[in-house]
Amino acid sequence: CRTPDVPMASAAAPRNHALLIGSNVIHDALRDALRGYGYIVEHCRTRDEGIRRFREKKQSLVVVDVDIVQGFPERLFRFFRMVSANAIVLVAASPSQPEASRYLLWGAHDVIHIPLHRETLNFTLSRTSAYHRALVRSTFLRTAFWFAAAVVPLWLLLFFLWLD
């Protein structure tokens, strides 16, 4: 695996890390676009290397080459969900590979078509970025709700004990 493209001293929160698994064609094409969306990009060439790196860092965005996915794709997507429920997994495929769309049923969030068209890529990444922001916001609100639900009865109990 290559090292991150941004020095670790200036690295953002872990939710801004992206992992590209596959050929250099995908890496070169997506690196600049992902950087534009604020991601720190790492690249691995093989499936095993990518799994190891994802297990270590739990990147929030994973782009997998369709050739890497083939051979037990359901297990791969299940692995990503088990390690990090919030990870967004995209599959990069050419239009001549129609089997890529079936990966959406197994857990991929979207398919990025190679060769890349800037408008389509920007749309996919902005939709993915919006989805991730909504996921983070809903996680915060859910945590705040459960915290309030646990604390309010305690305060009420203390208030009534104080009145007595």
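In what follows, the structure referred to is the one given above.
Counting restarts for each chain, with residues numbered from 1 along the sequence as it is written. With pLDDT at 70 or above as the cut-off, local features in this predicted model cover only qualifying residues; side-chain atom pairs require 80 or more to be listed or tallied, and sums for whole chains, interfaces and linings still use all residues. Side-chain numbers here rest on the full set of heavy atoms in the structure, without hydrogens or water.

K.L.:
Before we move on, could you go through the pattern of salt bridges and cite the residues and values that matter?
P.N.:
If charged atoms from side chains of opposite charge come close, those side chains can pair. Salt bridge, as used here, is a side-chain nitrogen of Lys or Arg placed within 4 Å of a carboxyl oxygen of Asp or Glu. In the structure shown here, the tally under the stated rule is 4 salt bridges. For Glu42, the salt bridge goes to Arg53, with nearest N and O atoms at 2.3 Å. Placement of Glu42 in strand β2 (residues 40-44) and of Arg53 in helix α2 (residues 47-57) is noted, with a sequence separation of 11 residues between them. Buried, partly exposed and exposed residues are distinguished by accessible area as a fraction of the type maximum, computed with a 1.4 Å probe on protein chains only: under 20%, between the cut-offs, and over 50%, respectively. Given the relative accessible area of 0%, Glu42 is considered buried. Residue classification places Arg53 among the buried positions, given a relative accessible area of 12%. Runs of E in the DSSP output that reach at least two residues are strands. Runs of H or I that reach at least four are helices, and both are numbered from the N terminus.

K.L.:
With reference to specific residues and values, describe helix α6 (residues 118-163).
P.N.:
The length a helix should cover is 1.5 Å for every residue beyond the first. The end-to-end C-alpha distance of α6, which contains 46 residues, comes to 66 Å, matching closely the 68 Å that a straight helix rising 1.5 Å per residue would cover. Those residues of α6 lying buried are Leu121, Thr124, Leu125, Thr128, Ser129, His132 and Leu135.

K.L.:
Explain the sheet that holds strand β5 (residues 110-113) to me, using residue names and the numbers behind them.
P.N.:
Overall, parallel pairing links the 5 strands, which are arranged β2-β1-β3-β4-β5 in an open sheet. Each edge of the open sheet is held by one strand with a lone partner, namely β2 and β5. Direction aside, the axes of adjacent strands within the sheet are offset by 25 degrees on average. Taken strand by strand, α6 contacts β3 (61-65), β4 (88-93) and β5, and its axis lies near 165 degrees from that of β4. At least two DSSP bridges between two strands are needed for those strands to be called paired. For helices, the fitted axis covers only the stretch in contact; all axes are lines through C-alpha atoms, and the angles between them, taken along N-to-C directions, range from 0 to 180 degrees. In what follows, a contact means two residues having at least one pair of non-hydrogen atoms within 4.5 Å.

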